[in-house]
Amino acid sequence: MRAVRAVGADHCEVIIVRAYVLIRVVAVLQPVMTAITSAHHRSSAAAAGLIAVLAVQSAPLVTVALIRRQMPPTWLTGLEVAALTGELAAGTHIYLSVYGQTWTYFVYQYSLIMIVGVGLSFRRLPVMFAVSAVPAAVYAAVSITQLGETPWNAALDAAPYLLHSGVAWMITNAFRRSSHEVDLAHRILTDREVELAAERERARHARMLHDRVLQTLEVLGQGESVADPALRGHVRAEATRLRSFVRGDSDGTVTDGTVTNLPGALAAVAQEMTRSGLAVQLNTAQLANALRWRAKPSAETTQALAGAAREALVNVLKHAGTRSAVLHAELDKTTLTVSVLDHGCGFDGRLREPGFGLTTSIRGRIAAVGGEMSIESQPGMGTYVELRVPAPAHVSAPG
Amino acid sequence: MASPDVIRMVDNLLKIRNTLYDEEPFIPGGTDARHLSPSRAVPTLADQRRCAGVHAAMIAVGVVDDHPVVRHGLSHLLEQWPGVTVVASGATVSELGSADSLDVVVLDLYLGTDDPALESITLLAASTPVLVVSASARPADVLGAIRAGASGYLTKDCQPELLAAGVLTAASGGFALTSELADIVQSARPRDAVPGDDTTARVHLSPREEQTLSYIARGFTHEQIATRLGIRKSTVNTYVERIRDKLQVGNKADLTRAALTRPGTFRPATG
């Protein structure tokens, strides 16, 4: 799929960063307001010093977020959480020396607000909870040992750390996920539009080509109007190539053997075999249609399937005693199937199959990409070769 | 959308029309006696044609294509097939004259214009099976032609045997579902439709019909499919007919209207 700008995800990140900066500014304002409104704090050098420390440690995070317009690196956030453990302990001493009211314990309030930023920063839930648990545990410890709280009360006071970060993480995650889905839908839509435009253009050319050249070529390729069988084969091959061009299977001919889309690769194989004298009926309409919105097979899978189909067709040409075969591909929810069928002489499946080396080679190719292969044949009943690989999956949303 | 009642009604109308004008499908290889049944008071057009010197066992084919080379080539290929004779050909449908004397019309889809000849298919199919032979393999063209009433669709790169088989099947009133056509019909299944895309046809097939369709797309013969599914060959044929019915279901009313309003349809019963 072509790279389309991830409009939704970009927008989503910008909003998250804005929210983050706002939260960090409010977190610093909280102790500043405490200092301004309380005479005791105002007069305490220790309180003023600790507030300054909190403001200074917030600065790099906010600056990075503002300049780079993305969340600060998680290691920086981790570092701040580590520093917070010391500040929580130090804060209790300032509080003890000044007041008897919990709400003036401003480091606690600061940390409760900044922990929302932790919820925004870490994408993996266990990591995020582990980081949030550090200040929660430190706070519970110091409030029991330094402030003389009961364990029950301390636990109640520590719980909001996990609650704040957890809710923030949940909302951010849902937001990111839905933005990603919007982008995915947008990308599929853009691709379809481009394909549709190309399809319209191709249809216009196709009309011109098939109305004149292709019709004549195909009739000449059949029957007796061209006496020389070699020339007739050549005409037929050219017609097949023109037909698959008109159909849009591939971008013209394959010269370097590196077609990465499966219908195109199979069309190239069909052309090659037709040139060698085996008329291949190529049935890839279902596949081509399914690929318009389902995940495409990898280049390796495409190469393996096309290579295996080619070997199966060579086998038909060499051993089946027939001049025609059907090459078919089908993609459903679970499986991508490519089959080669001929109505030639067949062979006794219990005996050694002709072209035995070739079939082991096909089996190997398909097994290498996680697929399997089966051969069915009976004398006089033709041969059916089926290649199956698991249907490729779309890249799933992160988080 | 046509309800089952309407479809049944239309079916009855078609049957009545067929009885009136004796356009029941001609079975290739059938005996003359079958076609000159003594119970019939009125000689049918088919009978008249046979009396006029065309061998009764021969399938009379009309070929319509705007390219002389292609027309000639198709006629040449068909004439080589035993039991098949090309009695009329032309660049347009009107050049064929009356289609009543034909067992099957082989029709090009684009007759010198940018629009497929879907109306011609519907008009012709009301009286004579139409086998479309076109250079276009675009799913929209293929499905459009079938929906318009065609008895089959072949691309011009098909093997001569396939063309002959298609003509035989269409002439006998069957549906010439080639592997290529089956593949394209498969691509019109709702489960493969792009989400939110209403332009693709919604053809709801039963699991057995799906299987049959998939096997045909792989190139299996009806006999082979019967063996694989453990059913009779006639059942496979039934599935194929049902697939055709489902593809053409929305068009049945159009077909009937075309059949009833076709100019020159009504002849005096005393003939």
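Residues numbered from 1 in each chain as written. Chains lettered and ligands numbered in written order. Predicted model: local features only at pLDDT ≥ 70, side-chain atom pairs only at ≥ 80, totals over all residues. Heavy atoms only, no water.

Draft legend 1. Looking closely at the overall build of chain A. Each helix and strand in chain A was counted, giving twelve helices and five strands. Put simply, chain A has 399 residues, and 47% of those count as buried. Across chain A, contacts joining residues at least 24 apart in sequence account for 71% of those joining residues at least 6 apart. Of the roughly 19000 Å² that chain A leaves accessible, carbon and sulfur atoms contribute 63%. (Helix = DSSP H or I, 4+ residues; strand = E, 2+ residues; numbered from the N terminus. Buried < 20%, exposed > 50% of the residue type's maximum accessible area, 1.4 Å probe, protein only. Contact = heavy atoms within 4.5 Å. Areas by Shrake-Rupley, 256 points an atom, 1.4 Å probe, with all protein chains shown as cover.)

Draft legend 2. Summary view of the nonpolar core. Ranked by internal contacts, the top residues of the largest apolar core, which has 46 residues, are B:Leu107, B:Ile121, B:Val132, B:Tyr153, B:Leu177, B:Leu181 and B:Leu247. Counting only elements with at least two residues in this core, the list comes to strand 3 (104-107), helix 5 (118-125), strand 4 (130-134), helix 6 (139-148), helix 8 (179-186), helix 9 (207-218), helix 10 (222-229) and helix 11 (233-248) of chain B. At five residues, the largest contribution of residues to this core is made by helix 6 of chain B. Apart from residues no more than four positions distant in its own chain, B:Val132 is found in contact with B:Leu107, B:Leu109, B:Ile121, B:Ala145, B:Ala150, B:Gly152, B:Tyr153 and B:Leu154. Core analysis: the next-biggest nonpolar cluster, separate from the first, contains 36 residues, A:Leu262, A:Ala290, A:Ala325 and A:Ile366 among them. (Core = buried A, V, L, I, M, F, W, Y, C linked by side-chain atoms within 4.5 Å.)

Draft legend 3. Representation of helix 11 of chain B. Residue and element names in this part refer to chain B. An ideal rise of 1.5 Å per residue puts 22 Å on 16 residues; helix 11 measures up with 23 Å between its terminal C-alpha atoms. Every buried residue of helix 11 is listed here: Val-236, Tyr-239, Val-240, Ile-243, Arg-244, Leu-247 and Gln-248. Around the axis of helix 11, the buried residues are gathered within 170° of arc, so they sit on the same side. (Expected span 1.5 Å × (residues − 1). Arc of directions from axis to C-beta.)

Draft legend 4. Highlighting the pattern of salt bridges. Enumeration according to the criterion identifies 17 salt bridges over all chains in this entry. In this structure, A:Glu330 engages B:Arg218 in a salt bridge whose closest nitrogen and oxygen atoms are separated by 3.1 Å. Placement of A:Glu330 in strand 2 (residues 324-331) and of B:Arg218 in helix 9 is noted, with the two residues assigned to different chains. Residue class for B:Arg218 comes out buried when judged on its relative accessible area of 9%. Note that B:Arg138 is salt-bridged to B:Asp141, the shortest N-O span being 3.5 Å. B:Arg138 sits in the partly exposed class, given a relative accessible area of 26%. Each of A:Glu330, A:Glu372, A:Glu386, A:Arg388 and B:Arg218 takes part in salt bridges that share partners, so that together they form one network. (Salt bridge = Lys/Arg side-chain N within 4 Å of Asp/Glu carboxyl O.)

Draft legend 5. Local environment of a nonpolar patch on the surface. On the surface, A:Val25, A:Leu29, A:Met33 and A:Ile36 cluster together to form a nonpolar patch covering roughly 360 Å² of accessible area. Judged by relative accessible area, A:Val25 falls into the partly exposed class, the value being 39%. (Patch = residues over 30% accessible without salt bridge, like charges linked within 9 Å, V, L, I, M, F, W, Y side chains within 5 Å.)

Draft legend 6. The arrangement of unusual backbone geometry in detail. Although it is not a glycine, A:Arg69 adopts a positive phi angle of roughly 50°. Mapped onto the fold, A:Arg69 is located in the loop between helix 3 (45-68) and helix 4 (74-98).

Draft legend 7. Expanded view of the interface of chain A and chain B. Facing 42 residues of chain A, the contacting portion of chain B comprises 42 residues. Buried area between chain A and chain B, summed over both chains or domains, comes out near 3600 Å², and the portion from carbon and sulfur atoms is 49%. Area buried by chain A at its contact with chain B is led by A:Arg207, A:Gln215 and A:Gln222, which between them contribute 16% of it. Seen at the junction of chain A and chain B, the total is three salt bridges. Between A:Glu386 and B:Arg218 there is a salt bridge, with its nearest N and O atoms 2.8 Å apart. (Buried area = accessible area lost by both parts, 1.4 Å probe.)

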